[in-house]
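Now for the letters of each chain:
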Amino acid sequence: VKILYAASEAAPFCKTGGLADVAGSLPPALARGGAETAVILPLYQSVREKFGDQMEYLGYTYIDLAWRHAYCGLFQMKKDGVTWYFLDNEQYFKRPELYGYYDDGERFGFFSRAVVGILPMLGTSPDVIHCNDWQTSLIPIYLRDLGMLDLRLRNIRTVLSIHNIEYQGRFGRETLEDLFGLNRGWADDGTLMMDGDVNLLKGAILCADAVNAVSPTYARQIQTPQYAHGLDSVMRMCGGKLTGILNGIDTRRYDPAADPDLEEPFSAQNLSGKAGDKRAVQQRLGLEEISEVPLIGMVSRLVGHKGMDLVRAALDELMKLDVQLAVVGKGDPQYEAFFQDAAARCPGRVAVSVGYDEKLAMAVYAGADLYLMPSLSEPCGLSQMIAMRYGAVPVVRETGGLKDSVLPYDAETRSGSGFTFRAYDPGAMANAVSEAVGLYRSDPEAYRALQLHDMQEDFSWSSSAACYLNLYEKIVGMRL
Ligand code: GLC
């Protein structure tokens, strides 16, 4: 099959979150699995600056979006068995940030329309366009809309991956015709409308040939009001075409034996370097350099749905366990202030680095004995998998992909991979941490066995890429 993977970010080109990790590592895995794979991304300013000299210019066309007639340049680059395409329009993408502008709707409306408009320039037509989140949600809509006139477009199947259902691309009713160039039928029949607004994600859920959530548990959760941010009935209606496929991680990038960011490399065969990484990160963050104290790591956006309220409410309880806490991340000012205050109150015990420094993040994964991720909701979550690869035993709330990737440790059978709790409650979280710390102190040998087990677990893309390839084959087979 020929796949065109459309996304608003992909590592290493441009990244604000987990979508970029997936869009950067799933396509190469699909290519290894035998699919002819291309990715299409906006040519942001930062991408042009860093990678421009490695790209080849293929030409340009004009894209019509309502009354607009906008230039669209096409660049390409080959890497990891994948063709990476970049769509150029300086008015929309030559800006310092990826998102957060007043005209984001127009920017990604243009991008989605341009993905369809540029197809004739790609040489071969894809069998499947794989869309991701609201930014590319108009692609299945445009394929249908324009497919009325262009039969070739009707043969292209679409998959929508939902990385976080909270972000739906909601815009005022008037944007339908005036911005996106679609006729009122799309509103009148409800396809693109929710609660009086245009809702791009809803439209894609209804129109895509297959919808996929980034973990099996999340696929179930988004069919319930508690997790669906208003789209639960739409998700239930589409239950027959909904799957949940757990993300993988780039196991070559995230390999403690070959990670240039680490002070000392280590592996499941030789764990000795991890002690040096612990010392190094303690020193770097100003934590007391004591090897016996369990070090808890957190690398996270500091926002509500990552469970920061639990950490705030339980901090004193955690400190009674005689542990250290190292936090790297940025986000909501109230949580940044909370961690800074906690570090001032517990010098040598709590440290925070506000911001996102990849090298420091890797140092925390490598130095930590435990990794805390108490998310309120978590579509998949990648950092618990990275932590496990680096021998930091996860303590997680049983939600979304955390539930699917961390199995509760059973002291009797010594099975499982981490410590989990269900209730969104600071006490429940503190109990799980206490259980982990208990094992760390009372049975170092069992703890070590658990670390080694986690480091060797297979979080590579190979099995998930095979699930996607099956899904593509299935929907291509449905072609009329
Ligand atoms: C989003 C989700 C995260 C998921 C990632 C990649 O960032 O919040 O849970 O791992 O997308 O799918």
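Scoring rules and cut-offs
- Residues numbered from 1 in each chain as written.
- Predicted model: local features only at pLDDT ≥ 70, side-chain atom pairs only at ≥ 80, totals over all residues.
- Heavy atoms only, no water.
- Helix = DSSP H or I, 4+ residues; strand = E, 2+ residues; numbered from the N terminus.
- Rg over C-alpha atoms; globule rule 2.2 N^0.38 Å.
- Buried < 20%, exposed > 50% of the residue type's maximum accessible area, 1.4 Å probe, protein only.
- Contact = heavy atoms within 4.5 Å.
- Axes fitted to C-alpha atoms, helices over the stretch in contact; angles between N-to-C directions.
- Parallel < 35°, antiparallel > 145°, perpendicular 65-115°, else oblique.
- Left-handed = near helix turned anticlockwise from the far one by under 90°.
- Nonpolar A, V, L, I, M, F, W, Y, C, P; charged D, E, K, R; others polar.
- Pairing = 2+ DSSP bridges.
- Near = heavy atom within 4 Å.
- Polar contact = N/O pair within 3.5 Å; in protein donor to acceptor, adjacent residues only side chain to side chain.
- Salt bridge = Lys/Arg side-chain N within 4 Å of Asp/Glu carboxyl O.
- Core = buried A, V, L, I, M, F, W, Y, C linked by side-chain atoms within 4.5 Å.
- Patch = residues over 30% accessible without salt bridge, like charges linked within 9 Å, V, L, I, M, F, W, Y side chains within 5 Å.
- Areas by Shrake-Rupley, 256 points an atom, 1.4 Å probe, with all protein chains shown as cover.

*Asks:* Mind showing me how you'd approach the overall build of the protein chain here?
*Replies:* What the protein chain contains, in helices and strands, is 21 helices and 18 strands. Taking 480 residues into account, the globule formula puts the C-alpha radius of gyration at 23 Å, and the protein chain, at 23 Å, falls close to it. Counting across all 480 residues of the protein chain, residues that qualify as buried make up 60%. Long-range pairs, those at least 24 residues apart, make up 71% of the contacts in the protein chain with a sequence separation of at least 6.

*Asks:* Before we go on, may I ask you to explain the packing of helix α4 (residues 104-117) against helix α5 (residues 138-147) in this structure?
*Replies:* The description of two helices packed together rests on the angle between their axes and the distance between the axes. As a packed pair, α4 and α5 sit with axes 9 Å apart at the nearest point and diverge in direction by 50 degrees. The orientation of α4 relative to α5 falls into the category oblique. For the element pair α4 and α5, the recorded crossing hand is right-handed. Residue-level contacts link G109, S112, R113, V115 and V116 of α4 to L138, I139, Y142, L143 and L146 of α5. Residue composition of the contact of α4 with α5, grouped by class: seven nonpolar, two polar and one charged.

*Asks:* Help me understand the environment of Y62 in this model?
*Replies:* Along the chain, Y62 falls in strand β3 (residues 56-65). If sequence neighbours within four positions are ignored, Y62 has contacts with H69, A70 and Y71.

*Asks:* Can you help me understand the sheet that holds strand β17 (residues 393-397) in this one?
*Replies:* Through backbone hydrogen bonds, the strands of a sheet pair up, either in parallel or in antiparallel fashion. On the basis of which strands lie adjacent, the open sheet formed by six strands has the order β15-β14-β13-β16-β17-β18 and parallel pairing. Single-partner strands in this sheet number two, and they are β15 (350-354) and β18 (419-421). Taken over all neighbouring pairs, the strand axes of this sheet differ in orientation by 15 degrees on average, direction set aside. Where helix α13 (residues 273-285) meets the sheet, its contacts fall on β13 (295-299), β14 (324-329) and β15, and the angle it forms with β13 comes to roughly 70 degrees.

*Asks:* Explanation requested: the site of the ligand in the structure shown.
*Replies:* Taken together, G18, L19, V22, H163, V214, N247, E378, P379, C380, G381 and L382 form the complete shell of residues around the ligand. Within the contact set of the ligand, an oxygen atom lies 2.6 Å away from a side-chain nitrogen or oxygen of E378. One of the backbone nitrogen or oxygen atoms of C380 is found 2.9 Å away from an oxygen atom of the ligand.

*Asks:* Can you walk me through the pattern of salt bridges in this structure?
*Replies:* Any two side chains of opposite charge can pair, on the condition that their charged atoms come close. A complete count under the given rule lists 31 salt bridges for this structure. Here R170 makes a salt bridge to D197, at a shortest N to O gap of 3.8 Å. Of this pair, R170 sits in strand β8 (residues 170-171) while D197 is found in strand β10 (residues 197-199), placing the two residues 27 residues apart along the sequence. The class of R170 is partly exposed, set by a relative accessible area of 36%. By relative accessible area, which is 25% here, D197 ends up partly exposed. Across the pair D232 and R236 runs a salt bridge whose closest N-O atoms are separated by 3.0 Å. You can see D232 and its partner R236 sitting in helix α12 (residues 232-237), four residues apart, about one turn around the helix.

*Asks:* In this structure, what is going on with the nonpolar core? I would like to understand it.
*Replies:* The tendency in soluble globular proteins is for nonpolar side chains to be buried side by side. Judged by nonpolar contacts, the single largest core of 100 residues is most densely connected at F86 and I205. The residues contacting I205, other than those within four sequence positions of it, are L160, I162, V211, L231, V234, M235, C238 and K241.

*Asks:* What is the right way to read the environment of S161 from this model?
*Replies:* Looking at the element boundaries, S161 is found in strand β7 (residues 157-162). In this structure, the C-alpha to C-alpha distance between S161 and H130, residues 31 residues apart in sequence, is 7.4 Å. At a separation of 3.0 Å, a polar atom in the side chain of S161 contacts the side chain of N212.

*Asks:* Please explain a nonpolar patch on the surface as it appears in this structure.
*Replies:* Together, Y57, Y60 and Y62 make up a nonpolar patch on the protein surface, roughly 350 Å² of accessible area in all. If you trace the backbone, Y57 turns up in strand β3.

*Asks:* How should the packing of α13 against helix α16 (residues 358-367) be read in this particular structure?
*Replies:* Running from amino to carboxyl end, α13 crosses α16 at an angle of 130 degrees, the nearest separation of the two axes being 8 Å. Classified by the angle between their axes, α13 and α16 sit oblique to one another. For α13 against α16, the interelement crossing comes out left-handed. In this structure, α13 uses K274, D277, K278, V281, R284 and L285 to contact α16, whose residues at the interface are K359, L360, A363, V364, Y365, A366 and G367.

*Asks:* Which parts of the structure should I look at to understand α5?
*Replies:* Helical periodicity: at 3.6 residues per turn, an α-helix aligns residues three or four positions apart in one direction. Where burial is concerned, most of α5 is hidden: seven out of the ten residues are buried. Those residues of α5 that sit buried are L138, I139, P140, I141, Y142, L143 and G147.

*Asks:* Explanation requested: the sheet that holds strand β12 (residues 242-244) in the structure shown.
*Replies:* Taken in spatial order, the nine strands make up an open sheet running β3-β4-β5-β2-β1-β6-β7-β11-β12, and their pairing is mixed. Only two strands of the sheet have a single partner each, and these edge strands are β3 and β12. Across the sheet, the mean angle separating the axes of adjacent strands is 25 degrees when strand polarity is ignored. Note: strand β2 (residues 36-42) against strand β5 (residues 82-88), five bridges, orientation parallel. By the bridge assignment for β5, V39 is matched with W84. The sheet strands contacting α4 are β1 (2-6), β2, β3, β4 (68-79) and β5, and the helix crosses β3 at an angle near 115 degrees.

*Asks:* Please explain the side chain of S460 as it appears in this structure.
*Replies:* As for its position among the elements, S460 is in the loop between α20 (444-455) and α21 (462-477). A distance of 2.8 Å separates a polar atom in the side chain of S460 from a polar atom in the side chain of D458. Looking at S460, its side chain comes within polar contact range of the side chain of S462, at 3.0 Å. Non-local contacts of S460, meaning those with residues more than four positions away in its chain, are made with G248, I249 and T251.

*Asks:* Just to check I follow, could you spell out unusual backbone geometry for this structure?
*Replies:* The phi angle of most residues is negative, glycine excepted, and most peptide bonds adopt the trans form. In this chain, A11 is followed by P12 through a cis amide linkage whose omega measures 5 degrees. By the element assignment, P12 lies in the loop between β1 and α1 (18-32). One non-glycine residue, D80, lies in the positive phi region at around 55 degrees. Looking at the element boundaries, D80 is found in the loop between β4 and β5. By relative accessible area, D80 is classed as partly exposed at 44%. For R414, which is not glycine, the phi dihedral falls at a positive 55 degrees. Looking at the element boundaries, R414 is found in the loop between α18 (400-405) and β18.

Purely geometric stuff here, so don't read any function into it on its own.
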